[in-house]
Amino acid sequence: MNKNTGTSGVFSLLKAVPLSLILVGLFLLQILLAVGLTAYLSIHNGQKAVNEVATELRHEVANRVEQNLQTYLSTPRQVLRSNQNIIDMGLLKIENLATWESYLIEQLKIFPDALALTASNEQQEYLAVEKLKDRQFLLRKAGKSTGYDLYTYKIDSQGQRTQLPEVIKNYDARSRPDYQTAVTAKKFSFSQIFTPRTEPTLLISASLPIYNSQDELLGVNSTLIHLSQIGDLLQNIKVGKSGQSYIIERSGLLVASSTTEEPFRLQNGKPIRLAASQSSNSFTQATAKYLTTKFSNFDQIPSLQQLDFSFDGKRQFLEVRPFKGEANVNWLIVVAVPEADFMGQIDRNTQTTIFLCVGALGLAILLGIFTARWITQPILDFSTATKDLADFTNYEDSVVKVQGIKELEVLSESFNEMAQQLRKTFTALTTKNEELELQVKQRTQEHINSEQKLGQHHRVLVYLANHKGIFEGNLETAFKVITEKAANALEVERVGVWLFNGDAVRGASRREGGLRQRTKLQCISLYERSNQRHSAGLERNLADYPIYFKALASSYTIAVSDTRTDPRVRELSDELLESNNIVSLIDTSIWVGGEVVGTVLYEQVGIPRIWELSEQNFVSSMAEFVALTLEICDRKRAESDLREAKETAEVANRAKSTFLTNISYELKTPLNSILGITESLQDEVYSLVSEEQRQSLNILESNGKNLLELINQILDLTDIQSSKIELQLTTTSIQGICDSSLSFVKQMAFQKNIRLRAQVPEELEPIQVDERRILQVFINLLTNAIKFTKEGGEVWIEVQPNSTNEYIFFSVVDTGIGMLSDDLFKLFQPFVQVENASTRRSTGTGLGLVMVQKIVELHGGTVHAESQLGKGSRFTVKLPWKKAGEWGVETSK
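Residues numbered from 1 in each chain as written. Predicted model: local features only at pLDDT ≥ 70, side-chain atom pairs only at ≥ 80, totals over all residues. Heavy atoms only, no water.

### Observations concerning the overall build of the chain
No. 1: Along the chain, the regular secondary structure elements total 20 helices and 29 strands.
No. 2: Each of the 893 residues in the chain was classed as buried or not, and the buried ones make up 41%.
No. 3: Counting only contacts in the chain whose residues sit at least 6 apart along the sequence, the fraction spanning at least 24 positions is 60%. (Helix = DSSP H or I, 4+ residues; strand = E, 2+ residues; numbered from the N terminus. Buried < 20%, exposed > 50% of the residue type's maximum accessible area, 1.4 Å probe, protein only. Contact = heavy atoms within 4.5 Å.)

Next up, the structure:
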């Protein structure tokens, strides 16, 4: 929809008019309007317009000063805003100033008004680049790389850096006024005007704080400009014939002036700011004094003031305008014009203007015609060339040539370059499009082929995953199926499963005492695809092919595209590969139990082949199926061996129990007779006994009783292991168990001067146990403790329930000889005693602690032993414990 309906009528009238006539007409119209208006004003408003002209002049001058000043001061804002945008886009980071140096130098080249650019951050890093003469720069930097000292470098026009001797220690740019001003203002702002130490001039800096997305301060970007350039701007603005303009601060200090006077004076070689009322220019001084008299304070001038005053008896026009265009900039623009600059010249100007306008009218007609033709002809050429350029198929390499107008010459050159580049681009795009179409077709076909292969591989893997022979561990059946399916899926001539001779009979080797030494690979199953034949029996000795077997051991998969050039299989070429025309192969290892037990070998005949990643993944999967079959076979053999061993052990255990029971009873009958006769002889029933005979009888009695005790323990152990013991549970006092146990071994302890005691908490609830069996446990533990405790030692019982009263702990502790922690596991093995220099002198069968463990386990408890060599031992019995009313009568086996 056309929205320019208001102007469509005017343009429709001019549509058929040539451009040359339009340009001439516009020139004539402008000149006629200018001549008529000027003549009218000159004739009718000459004298009357003096004040208006003066007002307009000073107002216009003030406007131009304000505009130029606004433009000049807006440059720092543009520089800093552009930096802010670059930081926001992530091209520069204020947290890392290392990349800012070249960027700031380029910015100083782009913005000639800027004297220096600085960047500083919260990490105490500082970077400043200052413009010098002859394309040289001064670089100042501080940060972590300089030890937070400020170093100064001079960069010449070739970019070479020279360090200057000035170094400022522990420099922190965050204390600089421009940094503090920006942080306080939290936005773009200018600093106060200041004089530098290095040169006599006035400077002002602009700063912009940089924040992240969380409004956290990251740093400050600043720029430095000369105020002397503002004076140059004022000097370029003519104020009548002898008028002046200058800028002052609210304090009355000069900022810049249209005169050649500097806004400062040198005192002891240092620049000192100059007040306008102290100016060496009498007109400037008189103007400032008049304003001081009228307003007493420059802060009392809130808005534009147009005034007049007398100086040297002549009227002076004055305009004072506040300038607040930028943050922290609050200046006054003063424009002063003498009235005499207008009066004498007005009449002469009027006459001159009329003659000039008439002459300009004739000249404008001629120039308009010439200019119109000069401009329109290249435009017509451009129009024709543009139409030809729109059709690339019929476009010929025509060139637009324009002479005389620089802008149009540049435009024609750009147009010609653009046309040439577009044609090249069009040609290249056409060629590239054809290439891409061909690549798309090739990639599409490759993708289809790859999907077909992957689908075939997947079907093979699914078939094998459900094959009965693999999960039954039937090696012959499984390997035939695996090799045949793999050969057909990969379309290779031969696939074979090879195992190391030490692993081909894994189960048999274990029965013979371990794996045999690996010396060769044996082919367990080989499938040839061309004649659909399965075979086995081939061998490869490790000693004959060391490089090949080393590669096989170090790589999970060996993929060889050309067997004639690959060094890993060069040893196999003459004898095995060339004779069978094998040009490519892929070999993947079989891992079982964390070790390589063999390999699955795929051999390509005829044409060399590059193995794709999907094919390498497939052969790895096939190797895993081989490994799975081996593991299942090995596990089935192990299960069979375990069943046989278990049955053999059960038969042996029953035979042992029967033998021990029979032999024990057979031994007890004559042993009891021997002990009875010995006791009768000791009592001198038959005849008197000499002292030597009595000693022999005592020895006979002691040994007989020890032998009887051993037989009883063997019978008890046999009964426990045969589950023939039934516990007679009764409610028993815990204190009573401890006291009875200590009483039984009291005499034994007294003989070795060993102290006995019990630590039993008061008012413990009774416990449900087989009292006779539990007494046997504690007596055995106390006897052992006394036996292995030296004279003068101590043995005691500690009783401690757990926090929930679910269990209670009985500990038998001694200060005896102790033992090594590595020997603790031997304590509860039957007929085994821990041997050291002390235990060798002590008698025992090695069944006491075994009986302790079995009886405690029958009660549902556990026994735990702790010991330290030379410091004693602690045996802790953990038994279930409930309150007396919570136990029922029960019998446990």
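We are not done yet, so read on.
### A look at the side chain of Arg 609
No. 1: Counting through the fold element by element, Arg 609 comes out in the loop between strand S22 (595-605) and helix H15 (613-682).
No. 2: We classify Arg 609 as buried; its relative accessible area is 16%.
No. 3: At 3.3 Å, the side chain of Arg 609 forms a polar contact with the side chain of Gln 604.
No. 4: Polar side-chain contacts of Arg 609 include one of 2.8 Å to the side chain of Glu 615.
No. 5: When residues no more than four places from it in sequence are discounted, the contact partners of Arg 609 are Leu 490, Glu 491, Val 492, Val 560, Ser 561, Ser 584, Gln 604 and Glu 615. (Polar contact = N/O pair within 3.5 Å; in protein donor to acceptor, adjacent residues only side chain to side chain.)

### Structural notes on the packing of aromatic side chains
No. 1: All told, the structure shown has eight aromatic pairs when counted by the stated rule.
No. 2: Summarising the aromatic geometry, the rings of Tyr 290 and Phe 309 are spaced 4.9 Å apart at their centres and angled 15° between planes, so their arrangement reads as stacked. Here the residue Tyr 290 occupies a position in helix H7 (residues 282-295), and Phe 309 occupies one in strand S13 (residues 305-311), the gap between them amounting to 19 residues.
No. 3: When its relative accessible area of 8% is taken as the criterion, Phe 309 is described as buried.
No. 4: A ring pair is formed by Phe 778 and Phe 810, whose centres lie 5.2 Å apart and whose planes are at 45°; its orientation type is tilted. Linking Phe 778 in helix H19 (residues 771-787) with Phe 810 in strand S27 (residues 807-814), this pair joins segments that are 32 residues apart in sequence.
No. 5: Take Phe 810: its relative accessible area is 2%, and that puts it in the buried class. (Phe/Tyr/Trp six-rings, centres within 6.5 Å; stacked < 30°, edge-to-face > 60°.)

### Comments concerning the nonpolar core
No. 1: Among the nonpolar cores identified, the biggest contains 53 residues, and Leu 73, Ile 94, Trp 100, Leu 227, Ile 230, Ile 247 and Trp 331 are the most heavily contacted of them.
No. 2: A total of 10 residues in this core trace back to one element, the largest contributor, which is helix H3 (residues 50-88).
No. 3: Those residues in contact with Ile 247, other than ones at most four positions away along the chain, are Val 65, Leu 69, Ile 230, Leu 234, Leu 253, Leu 254, Val 255, Ala 256, Trp 331, Leu 332 and Ile 333.
No. 4: Core analysis: the second largest hydrophobic core is formed by 38 residues, Ala 749, Leu 775, Ile 786 and Ile 855 among them. (Core = buried A, V, L, I, M, F, W, Y, C linked by side-chain atoms within 4.5 Å.)

### What about the sheet that holds strand S6 (residues 189-190)?
No. 1: An order of S5-S4-S3-S2-S1-S8-S7-S6 is seen for the eight strands of this open sheet, with the pairing classed as antiparallel. Whereas interior strands pair on both sides, the edge strands pair on one side only; in this sheet they are strand S5 (161-168) and S6.
No. 2: As defined by bridge partners, strand S1 (residues 114-121) adjoins strand S2 (residues 126-131) across five bridges and the pair is classed as antiparallel. Looking across to S2, one finds that Ala 119 is bridged to Leu 127.
No. 3: Lying over the sheet, helix H5 (residues 177-185) contacts S1, S6, strand S7 (203-211) and strand S8 (217-226), oriented at roughly 125° with respect to S8. (Pairing = 2+ DSSP bridges. Axes fitted to C-alpha atoms, helices over the stretch in contact; angles between N-to-C directions.)

### So, helix H17 (residues 734-744)
Every α-helical turn comprises 3.6 residues, leaving residues that sit three or four positions apart pointing alike.
No. 1: Within H17 the residues assigned to the buried category are Ile 734, Ile 737, Cys 738, Ser 741 and Leu 742. Down the axis, H17 shows its buried residues gathered within 125° of arc, on one side only. Exposed residues pointing more than 90 degrees away from the buried face of H17 are listed as Ser 743 and Phe 744.
No. 2: A distance of 3.4 Å separates the backbone nitrogen of Gln 735 from a side-chain oxygen at the start of H17, and that oxygen is part of Ser 733. (Arc of directions from axis to C-beta.)

### A short note on the packing of H17 against H19
No. 1: Axis separation between H17 and H19 bottoms out at 9 Å; the angle between their running directions is 50°. In terms of orientation, H17 lies oblique with respect to H19. Here H17 and H19 pass one another in a crossing that is right-handed. Seen from H17, the contacting residues are Ile 737, Ser 740, Ser 741, Leu 742 and Phe 744; seen from H19, they are Ile 774, Leu 775, Phe 778, Ile 779 and Leu 782. (Parallel < 35°, antiparallel > 145°, perpendicular 65-115°, else oblique. Left-handed = near helix turned anticlockwise from the far one by under 90°.)

### Quick notes on the sheet that holds S27
Paired through backbone hydrogen bonds, the strands of a sheet run either parallel or antiparallel to each other.
No. 1: Taking strand neighbours across the sheet as the criterion, the five strands line up as S24-S26-S27-S29-S28 in an open arrangement whose pairing is mixed. Since the sheet does not close on itself, it has two edges, and those belong to strand S24 (755-759) and strand S28 (862-868), each with one partner. Averaged over neighbouring strand pairs, the angle between their axes works out to 15° when direction is ignored.
No. 2: Here strand S26 (residues 794-801) runs beside S27; their pairing, made up of seven bridges, is antiparallel. Looking at S27, one finds that Gln 800 is bridged to Phe 809.
No. 3: Across the sheet, H17 touches S24, S26 and S27, and the angle it forms with S26 is around 165°.
No. 4: Most of the contacts of H19 go to S27, to which it runs at about 25°, and overall it touches S24, S26, S27 and strand S29 (872-880).

### Structural notes on the environment of Thr 195
No. 1: Considering the arrangement of structural elements, one finds Thr 195 in the loop between S6 and S7.
No. 2: Sequence-wise, Thr 195 and Pro 271 are 76 residues apart; in three dimensions their C-alpha atoms are separated by 6.6 Å.
No. 3: In contact with Thr 195, other than residues within four places in its own chain, are Thr 201, Leu 202, Pro 271 and Arg 273.

### Regarding unusual backbone geometry
No. 1: Here the phi dihedral of Ser 296 falls at roughly 60°; this positive angle occurs in a residue that is not glycine.
No. 2: Relative to the helices and strands, Ser 296 resides in the loop between H7 and S13.
No. 3: One non-glycine residue with positive phi stands out, namely Glu 491, at about 60°.
No. 4: With respect to the helices and strands, Glu 491 occurs in the loop between helix H11 (475-490) and strand S16 (494-500).
No. 5: Classification of Glu 491 as exposed rests on a relative accessible area of 51%.

### Comments concerning the pattern of salt bridges
No. 1: Evaluation of the coordinates by the stated rule reveals 22 salt bridges.
No. 2: Between Glu 615 and Arg 609 there is a salt bridge whose closest N-O contact spans 2.8 Å. Of the two residues examined, Glu 615 and Arg 609, each falls in the buried class.
No. 3: Each member of the salt-bridge network shares a partner with another, and the members are Glu 66, Glu 319 and Arg 321. (Salt bridge = Lys/Arg side-chain N within 4 Å of Asp/Glu carboxyl O.)

Read these as geometric descriptors, not functional statements.
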